[in-house]
Amino acid sequence: MGQGLAGTLIGFRLERAGHLVHYQDAPEQTAASSVAAGIVNPITGRRFVKSWRIDELLPEARALYGELASLLGVKLWHDLPLVRTLFNRGDENDWLARSADAGYATYLDDHPPLGRIPDITQPAFAYAGVRHSARVDVSLLVSTFRDLIAAENRLIARAVDYARLPQDYDRIIFCEGWRSRFNPYFAFLPSGGNKGEVLYVTTEQATLDRLFKHRVFLVPQAEHEYWVGATSQNNFTDDTPTPTARQYLTDRLREVLTVPFTVTDHRSAIRPTVRDRRMVIGRHPDQPRLYIFNGLGTKGASLAPLGSRWLLDLLEHGQDPPPEVDVRRWSAGAG
């Protein structure tokens, strides 16, 4: 149930394992997958720490997205080095301290090539580089895969009716994004949502050939076109774009860009979150044919491939996922 990124990846894995898979998704509901930039960033946060399990996540992601690209005949994985602004001496000292750690050497670049960044941005105190970063075209993946399963009559285009779950399926997997909070079968989970808003902009000069972060991300999409974002809001009333977020993102762009830009689109969606900021994977404690794969948050492009493998291992071999993502950490009063 749900054919966003999580539903697409676990469905593909099950099909490849020889199962017949049907998908149910409400096309009128905005999904985070349709707005996500698909950034794969091995080094995150203000203290420049390695993303959780990144050494496992990266090879899994490259392999799975490569298989899907071959199936669908599209390019999904774009290797893009990341350059980020260091704002002051404290940032620089923290970065250099990480660089001295052998476990970070693969990912950190103290003197990154800047490409065309200086052509369009204000000078910064310093720059730092992240290797093995990438962009996954999540929206293209989901929409192209949807076209494929729709053509094969395996897509049910309507919202889930929890009171009338289909009885002729051996297993049902819920991949509902933030709407999982309304699922009565998994009401025991501390599911939430985080609203993110993004801009799409064009410039008349210089197209970047890398990811750039200066408070917000500037992600090249096509010639002179960029994805800019994203905001983060835990308290929201709907998933529609707001003037406040548009102004915030526009102001952040004006801080760094020296060239004129035009906002061509403004979108928003709600990311699925869990209280401990980890995915939720596993079988319902009392309903053995019901499963969940959810809570990908802001790092879905990198998390979903490994998470879908863990779920496949459970479905096929009875192998439990790691405790930190296992749904049982929240069941029966746990946590």
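Just so you know, these numbers come straight off a predicted model, no measurement behind them.

Q: Explanation requested: the pattern of salt bridges in the structure shown.
A: When the charged atoms of two side chains lie near each other, side chains of opposite charge can form a pair. Applying the stated criterion across every chain yields a total of 25 salt bridges. One salt bridge connects R53 with E56, and the closest N-O pair in it is separated by 2.8 Å. Classification of R53 by relative accessible area gives partly exposed; the value is 26%. With a relative accessible area of 34%, E56 lands in the partly exposed category. Measuring nitrogen to oxygen at the nearest pair gives 2.7 Å for the salt bridge that ties R329 to D276. Here D276 lies in the loop between β16 (261-274) and β17 (280-283) and R329 lies in the segment after α7 (300-317), a separation of 53 residues in the sequence. Members of the salt-bridge network, linked through shared partners, are R13, E60, R309 and D313.

Q: Help me out: how do you make sense of the nonpolar core in this one?
A: The tendency in soluble globular proteins is for nonpolar side chains to be buried as a group. Core analysis: the largest hydrophobic core is formed by 67 residues, its most contacted members being I10, Y65, I173, M279, F293 and L311. Among residues more than four places away in sequence, those in contact with M279 are W52, F293, N294, G295, L296, L303, G307, W310, E324, V325 and R329. Membership of the second largest hydrophobic core comes to 19 residues, among which are V201, L208, V216 and V259.

Q: In this structure, what is going on with the packing of aromatic side chains? I would like to understand it.
A: Any aromatic ring pair is given by two values, namely how distant the centres are and how the planes are angled relative to each other. Taken as a whole, this structure holds 11 aromatic pairs when the rule is applied. Ring geometry for W52 versus W310: centroids 6.1 Å apart, planes at 70°, classification edge-to-face. Within this pair, whereas W52 is found in the loop between β4 (49-50) and α2 (54-72), its partner W310 is found in helix α7, the two being separated by 258 residues in sequence. Neither W52 nor W310 differs from the other in exposure class; each is buried.

Reading the values: the criteria
Residues numbered from 1 in each chain as written. Predicted model: local features only at pLDDT ≥ 70, side-chain atom pairs only at ≥ 80, totals over all residues. Heavy atoms only, no water. Salt bridge = Lys/Arg side-chain N within 4 Å of Asp/Glu carboxyl O. Buried < 20%, exposed > 50% of the residue type's maximum accessible area, 1.4 Å probe, protein only. Helix = DSSP H or I, 4+ residues; strand = E, 2+ residues; numbered from the N terminus. Core = buried A, V, L, I, M, F, W, Y, C linked by side-chain atoms within 4.5 Å. Contact = heavy atoms within 4.5 Å. Phe/Tyr/Trp six-rings, centres within 6.5 Å; stacked < 30°, edge-to-face > 60°.

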